[in-house]
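Close look at the chain arrangement
Chain residues, written in single-letter form:
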Amino acid sequence: MFTGIIQGQGGIVAVEGAGKETRLRIRPLFALSDIVVGESIAANGVCLTVETHGGSRDAAWYTCYASAETMRLTTLGDLRTGDRVNLERALAMGDRLGGHMVAGHVDCVATVAEVREEGESRRYRLKFPAEFGPQVIPKGSVALDGVSLTVNHCGPDFLEVNVIPETQRVTTIAGWKPGVRVNMETDLIGKYVQRMLSAWQGGASATGPVGSGPVASGSGGGGALTVEFLKEHGF
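This section reports on the structure supplied with the text. (Residues numbered from 1 in each chain as written. Predicted model: local features only at pLDDT ≥ 70, side-chain atom pairs only at ≥ 80, totals over all residues. Heavy atoms only, no water.)

1. A short note on the overall build of the protein
To keep it simple, the criterion reads: The helix and strand labels rest on DSSP assignments: H or I over at least four residues marks a helix, E over at least two residues marks a strand, and numbering proceeds from the N terminus. Relative accessible area decides the class of each residue, using a 1.4 Å probe on protein chains only: under 20% of the type maximum gives buried, over 50% gives exposed, and in between gives partly exposed. Contact definition: two residues touch when any of their heavy atoms are within 4.5 Å. For the area figures, the Shrake-Rupley method with a 1.4 Å probe applies, and any residue is considered shielded solely by the protein chains shown.
Secondary structure summary: the protein contains four helices and 12 strands in total. The buried share among the 235 residues of the protein stands at 44%. A fraction of 63% describes how many contacts in the protein between residues 6 or more apart in sequence connect residues 24 or more apart. Total accessible area on the protein is roughly 12100 Å²; 54% of this is exposed by carbon and sulfur atoms.

2. Re the packing of aromatic side chains
Short version of the rule: We call Phe, Tyr and Trp rings a pair once their centres come within 6.5 Å, taking the six-membered ring for Trp, and we label the pair stacked below 30 degrees between planes, edge-to-face above 60, and tilted otherwise. The criterion is that NZ of a Lys, or CZ of an Arg, lies within 6 Å of the ring centre and within 35 degrees of the ring normal, and then a charge sits over that ring.
In total, this model carries one aromatic pair according to the counting rule given. For the ring pair Tyr124 and Trp176, a centre distance of 5.4 Å and an interplane angle of 85° mean the geometry is edge-to-face. Of this pair, Tyr124 sits in strand β8 (residues 121–127) while Trp176 sits in the loop between α2 (165–170) and β12 (181–185), placing them 52 residues apart in sequence. Exposure remark for Trp176: the relative accessible area of 6% places this residue in the buried category. Sitting over the ring of Trp61, Arg25 keeps its end group 3.9 Å from the ring centre. For Arg125, the ring lying beneath its charged end belongs to Phe158, and the centroid distance is 4.0 Å.

3. Quick look at the sheet that holds strand β2 (residues 21–28)
Our working rule: Each pair of strands is called paired provided DSSP finds at least two bridges between the two strands. Axes here refer to lines fitted to C-alpha atoms; in helices the fit is confined to the stretch in contact. Angles between the N-to-C directions go from 0 to 180 degrees.
If you trace the six strands once around the closed barrel, you get β1-β2-β5-β4-β3-β6, paired in antiparallel fashion. Across the sheet, the axes of successive neighbouring strands diverge by a mean angle of 45°, strand direction being ignored.

4. A closer look at the sheet that holds β12
Taken in spatial order, the six strands close into a barrel running β7-β8-β11-β10-β9-β12, and their pairing is antiparallel. With strand direction ignored, the average angle separating the axes of adjacent strands in the sheet is 45°. Pairing analysis gives four bridges linking strand β9 (residues 141–144) to strand β10 (residues 147–155), with the strands arranged antiparallel. Looking at β10, one finds that Leu144 is bridged to Val147.

5. A closer look at helix α3 (residues 188–197)
The following threshold applies: Here, the arc refers to the directions that run from the helix axis to the C-beta atoms. Under this definition, polar contacts are N or O atom pairs within 3.5 Å; protein pairs additionally need one hydrogen-donor-capable and one acceptor-capable atom, and for neighbouring residues in sequence, both atoms have to be side-chain atoms.
All buried positions along α3 are accounted for by Leu188, Lys191 and Gln194. Seen from one end, α3 has its buried residues packed into an arc of 125°, which puts them on one side. As for α3, its buried residues are in contact with β12. Between a side-chain oxygen at the N-terminus of α3 and the backbone nitrogen of Ile189 the separation is 3.4 Å; the capping residue is Asp187.

6. Details of the environment of Asp95
Topologically, Asp95 is positioned in the loop between β6 (84–89) and β7 (108–118). A relative accessible area of 44% places Asp95 in the partly exposed class. Sequence-wise, Asp95 and Thr3 are 92 residues apart; in three dimensions their C-alpha atoms are separated by 9.5 Å.

7. A few points about unusual backbone geometry
With a phi close to 70°, Lys139 is a non-glycine residue in the positive phi region. Locating Lys139 in the fold gives a position in the loop between β8 and β9. Located in the positive-phi region is Asp145, a residue other than glycine, with phi close to 50°. Structurally, Asp145 can be placed in the loop between β9 and β10.

8. A word on the pairing of β7
Across four bridges, β7 lies against β12 in antiparallel orientation. Directly across from Cys108, in β12, lies its bridge partner Met184. Relative to β8, β7 runs antiparallel, the two sharing seven bridges. Bridge assignment links Thr111 to a residue of β8, and that residue is Lys127. Linkage of β7 to β8, two consecutive antiparallel strands, is achieved through a turn of two residues, within which Gly119 is found at a positive phi near 65°.

No statement about biological role is implied by the geometric values presented.
Below is the structure:
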């Protein structure tokens, strides 16, 4: 679990592809001490496991493996040696939750459509697959390349976020321009709520995609919400 508050950037030292899988070597560009094999460090919002690590305190590095599924669903395949990524260590119990709950499981890839200056900050509009539209709400939270941001405005297949100077300085967002692909993770709680609501929204299968859950029992197939259904499901 992460919080979307980026600790610093990392440089891609090596990209070793093997079929549809990839192993990355990353050098943190900030003090990241006591790296442990097996711990989770998110790179551009993707939860990755440390396999090996080494180097000195000022020149530390670590490697992590990305499966074919991870490569298919994220922008990690776009990375090349010399590129920079946003890094965040997994949240420890008792840490401040400065952003919002982020799993590090990317839902889709969004594309920067527009960038405009607003005082000292910048407003970015990004397009994403419309199937994820119900999970994005005004003033809700979204993780873009691992950065916790507030949705200022949104529609069925787009959202807008305002990025302050400090976030631009610490993260890779300052380099975003139209056409840049970005990892997007929608709000974790919102996804569970949508899944729960799908039970009486006329879906047919309990194991299908979000929005295709079973109809409420006792509804006669019409998907009506009843007291009996709520009791049956622990409400």
